[in-house]
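As a plain string of letters, each chain reads:
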Amino acid sequence: MNALCFKIAKHFCNVMKAVSATTLLVTRNGEKLYFSGAAVNIKMESEQNNSFQQTLSLSPQLVDWFTDIVNEKKCVYFKKEEVKRKMSSIPFLDQDFEQICFLPLEDADNNVQALELILMDSVSYNKTEKSSNLLGISKTAGICLRNAAKFQDLRLEVIRSEVFLDLARIIFDQETSIELTVLKILANLIILVDCEFAQLVLINKDSSLNFDRVFDLHADDQENKEFDHLNSPFENRFELNSGIITLVATVGEKVNIEDVSKTTESNSLLCIPLIDNDNNSIAVVTLTNKKTGRFTKDDENFVELFGLFCGIALENVNNYEAVKTAEAKYQVALDIMSYHSVASEEEFDKVASLAIPSTFTLQLHSFNFTGDELEDLETIQASLRMFHDLGLVTKFRLDHNAMCRWLLTVKKNYRQEVSYHNWRHAFSVAQMMFTSLLQSGWWECLGPVNCLGLLVACFSHDLDHRGTNNSFQKASESPLSKLYSSSILERHHLNQALIILNMKGNTIL
């Protein structure tokens, strides 16, 4: 279509001996007309390339003027002075002209397909010399444009029908993650709908007013050399039109806005919900800045049909990830159960019956304390002493048996083969916290609740540490990495601490 518009503009240039010619394609939506720059400022010596196609930003006054000319369906001429009086200037046109010809290009049914703007100087043919020839050329051009538009529509429908089959395969292939599936959805939408920007918002299952994640992709991203290696789209880079998205998610109906430039930096906007098998909105796709001006009814139908595949694909991936998470939890639990166990009754009875040495006997209050000379059971006694000396046992009426069971279970849940992040490390951290609280007087300022929390955190902060870091967990694709997407070990330590605190006999809090 753009190639045809270029040839039409260049032909008018040659016939009229004009300075330049511009072909504006005309599309209708009810009574409203839209103009797109298919070939702008074409001269006799111009060579065809994409630089002559422009996205025009027309003022409402200019659109109204062009609309009046199209509706009258007459060839009209204006001198440069008249143009200045009406519009000051037409910003996308060259200004080196003496008069301008506005020529509607009508098809066989007298529908205007395009508006030709021909800039002329003193040597150009005048309107009387070539008027009949000019009108004949305009009629032929209008018919050609209509045929080209129909061919383009038919070709687009054929392509889209073929694409649906390919997309079904692409979207449903390798449904390994939400991120990869969303990336394929957004990339294909940008190409097939011919827009600048696509955004997908995952809706919270419990409330359509809350969004879980916001993915986005720009047409420029696909030009990046690294794009083919991406496994995920980008997140939270651009402004979120939460009002429209919430409306679409709640009502389950599409929204097509021709011009949103007054409220956002975007122009046209198309927002469509993605529905699961239960007819619930699980995501909302927002497309902005259609390159040819606005989103058509065909675009709406295509995105809605494509959205059916996308909704099913997202639901499948959600189910797949839920299964993966459950499997990871099972593997982690099995791993922990196979390694750890609750302290034995014999071990508990022995610790519970022992007297608790004083702080000075153990030298717990010293910053030079190492604890290397203490046996494992003595570290439990020393740990109990910390809670007593900070007044926590009295303040919270901590049960002695529960304290013994909890400390023994915490100790049991540190892996002996780990050289650093083991029970001795946790005990050393707790002792340093205890000493710092006492020697600095912080314990009085912080209060008993904070002091209790600090000690419990020190003893528990590296529970079930594997002796590796988060990068290793991700690289090895361990069950923990599948269970936690970020801060893998830290979140595992916290969960282990909570599990132990809630075990029967360990409820010290």
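K.L.:
Any chance you could explain helix H10 (residues 376-389) here in plain terms?
P.N.:
An α-helical segment advances 3.6 residues per turn. Residues three or four places apart therefore align on the same side. End to end, H10 covers 20 Å across 14 residues, agreeing with the expected 20 Å (1.5 Å per residue, within 8%). Regarding H10, the residues found buried are Thr379, Ile380, Gln381, Ala382, Ser383, Leu384, Arg385, Met386 and Phe387. Buried positions along H10 lie against helix H8 (345-353), helix H9 (359-362), helix H11 (392-396), helix H12 (400-412), helix H13 (423-440) and helix H14 (442-460). Following H10 by one or two positions, Gly391 adopts a phi angle in the positive range, close to 75°.

K.L.:
Is there a simple way to think about the side chain of Asp216 in this case?
P.N.:
Mapped onto the fold, Asp216 is located in strand E7 (residues 211-218). Apart from the residues within four sequence positions on either side, Asp216 is in contact with Leu186, Phe197, Ala198, Gln199, Pro233, Phe234, Glu235, Asn236, Arg237 and Phe238.

K.L.:
Help me understand a negative patch on the surface in this model?
P.N.:
Residues Asp372, Glu373, Glu375 and Glu378 make up a contiguous surface patch of negative charge. Positionally, Glu373 belongs in the loop between H9 and H10.

K.L.:
Please explain the sheet that holds strand E9 (residues 255-257) as it appears in this structure.
P.N.:
Think of a sheet as strands paired side by side through backbone hydrogen bonds, with each pair either parallel or antiparallel. Strand order in this open sheet of 6 strands is E8-E7-E6-E11-E10-E9, and the pairing throughout is antiparallel. The open sheet has two edge strands with one neighbour each: strand E8 (234-235) and E9.

K.L.:
Whenever I open this one, the pattern of salt bridges confuses me. Can you help?
P.N.:
Close approach of charged atoms lets side chains of opposite charge pair. Taken as a whole, this structure holds 17 salt bridges when the rule is applied. The partner of Arg146 in a salt bridge is Asp109, with the nearest N and O atoms 2.4 Å apart. Remark: Asp109 occurs in the loop between strand E4 (99-106) and strand E5 (112-120) and Arg146 occurs in helix H4 (residues 131-172); sequence separation between them is 37 residues. A residue is classified by how much of its surface remains accessible, and Asp109, at 45% relative accessible area, is partly exposed.

K.L.:
Would you take a moment to explain the pairing of E4 for this structure?
P.N.:
Consecutive side chains along a regular strand alternate between the two faces of the sheet. Most of E4 is tucked away, with 8 of its 8 residues classed as buried. Taking every second residue as pointing to the same face, both faces of E4 are buried, with Gln99, Cys101, Leu103 and Leu105 on one and Ile100, Phe102, Pro104 and Glu106 on the other. Both strand E3 (residues 76-79) and E4 contribute to a ladder of 4 bridges, which runs antiparallel. Across the sheet, the residue bridging to Val76 is Phe102, located in E4. Of the pairings in the sheet, the one linking E4 to E5 comprises 8 bridges and is antiparallel in character. Across the sheet, the residue bridging to Pro104 is Leu115, located in E5. Hairpin connection between E4 and E5: a loop of 5 residues separates the two successive antiparallel strands, and Asn110 in this loop has a positive phi of roughly 65°.

K.L.:
What am I meant to see in the pairing of E5 here?
P.N.:
Across the 9 residues that make up E5, a large majority, 9, are buried. Both strand E1 (residues 20-29) and E5 contribute to a ladder of 6 bridges, which runs antiparallel. Residue pairing in the sheet places Leu25 in a bridge with Ala114 of E5.

K.L.:
In this structure, what is going on with the packing of helix H2 (residues 60-72) against helix H3 (residues 80-87)? I would like to understand it.
P.N.:
What describes two packed helices is the angle between their axes and the distance between those same axes. Two numbers describe how H2 lies on H3: the axes approach to 11 Å, and their chain directions differ by 125°. One way to sum up the angle between H2 and H3 is to call them oblique. Here Gln61, Leu62 and Trp65 of H2 lie close against H3, whose contacting residues are Val83, Lys86 and Met87. When grouped by side-chain class, the residues that make up the contact of H2 with H3 number 4 nonpolar, 1 polar and 1 charged.

K.L.:
Sorry, what's going on with the environment of Ser161 here?
P.N.:
Among the secondary structure elements, Ser161 is positioned in helix H4. Ser161 sits in the partly exposed class, given a relative accessible area of 44%. Through-space distance from the C-alpha of Ser161 to that of Ala141 is 30 Å; in sequence the pair is 20 residues apart.

K.L.:
Before we go on, may I ask you to explain the packing of aromatic side chains in this structure?
P.N.:
Any aromatic ring pair is given by two values, namely how distant the centres are and how the planes are angled relative to each other. Using the criterion set out here, one finds 13 aromatic pairs in the structure. Seen in terms of ring centroids, Phe35 and Phe66 are 5.6 Å apart; in terms of plane orientation they differ by 70°. Their pairing is edge-to-face. With Phe35 in strand E2 (residues 32-42) and Phe66 in helix H2, this pair connects stretches of sequence that are 31 residues apart. Given a relative accessible area of 9%, Phe35 falls into the buried group. With a centroid separation of 5.3 Å and an interplanar angle of 70°, the aromatic rings of Trp65 and Phe78 are classed as edge-to-face. Taken together, the positions of Trp65 in helix H2 and Phe78 in strand E3 put the pair 13 residues apart, joining distant regions of the chain. Assessed through its relative accessible area of 13%, Phe78 is described here as buried. Taken together, the ring pairs in this structure connect Phe369, Phe387, Trp406, Tyr414, Trp423, Phe427 and Phe459 into an aromatic cluster. Between the NZ or CZ atom of Lys80 and the centre of the ring of Phe97, over which it lies, the distance is 5.5 Å. Across from the ring centre of Phe348, 3.9 Å away, lies the NZ or CZ of Arg405, which sits over that ring.

Conventions used here
Residues numbered from 1 in each chain as written. Predicted model: local features only at pLDDT ≥ 70, side-chain atom pairs only at ≥ 80, totals over all residues. Heavy atoms only, no water. Helix = DSSP H or I, 4+ residues; strand = E, 2+ residues; numbered from the N terminus. Expected span 1.5 Å × (residues − 1). Buried < 20%, exposed > 50% of the residue type's maximum accessible area, 1.4 Å probe, protein only. Contact = heavy atoms within 4.5 Å. Patch = residues over 30% accessible without salt bridge, like charges linked within 9 Å, V, L, I, M, F, W, Y side chains within 5 Å. Areas by Shrake-Rupley, 256 points an atom, 1.4 Å probe, with all protein chains shown as cover. Salt bridge = Lys/Arg side-chain N within 4 Å of Asp/Glu carboxyl O. Lys, Arg positive; Asp, Glu negative; His and termini not counted. Charge placed at Lys NZ, Arg CZ, Asp CG, Glu CD. Pairing = 2+ DSSP bridges. Axes fitted to C-alpha atoms, helices over the stretch in contact; angles between N-to-C directions. Parallel < 35°, antiparallel > 145°, perpendicular 65-115°, else oblique. Nonpolar A, V, L, I, M, F, W, Y, C, P; charged D, E, K, R; others polar. Phe/Tyr/Trp six-rings, centres within 6.5 Å; stacked < 30°, edge-to-face > 60°. Lys NZ or Arg CZ within 6 Å of the ring centre and 35° of its normal.

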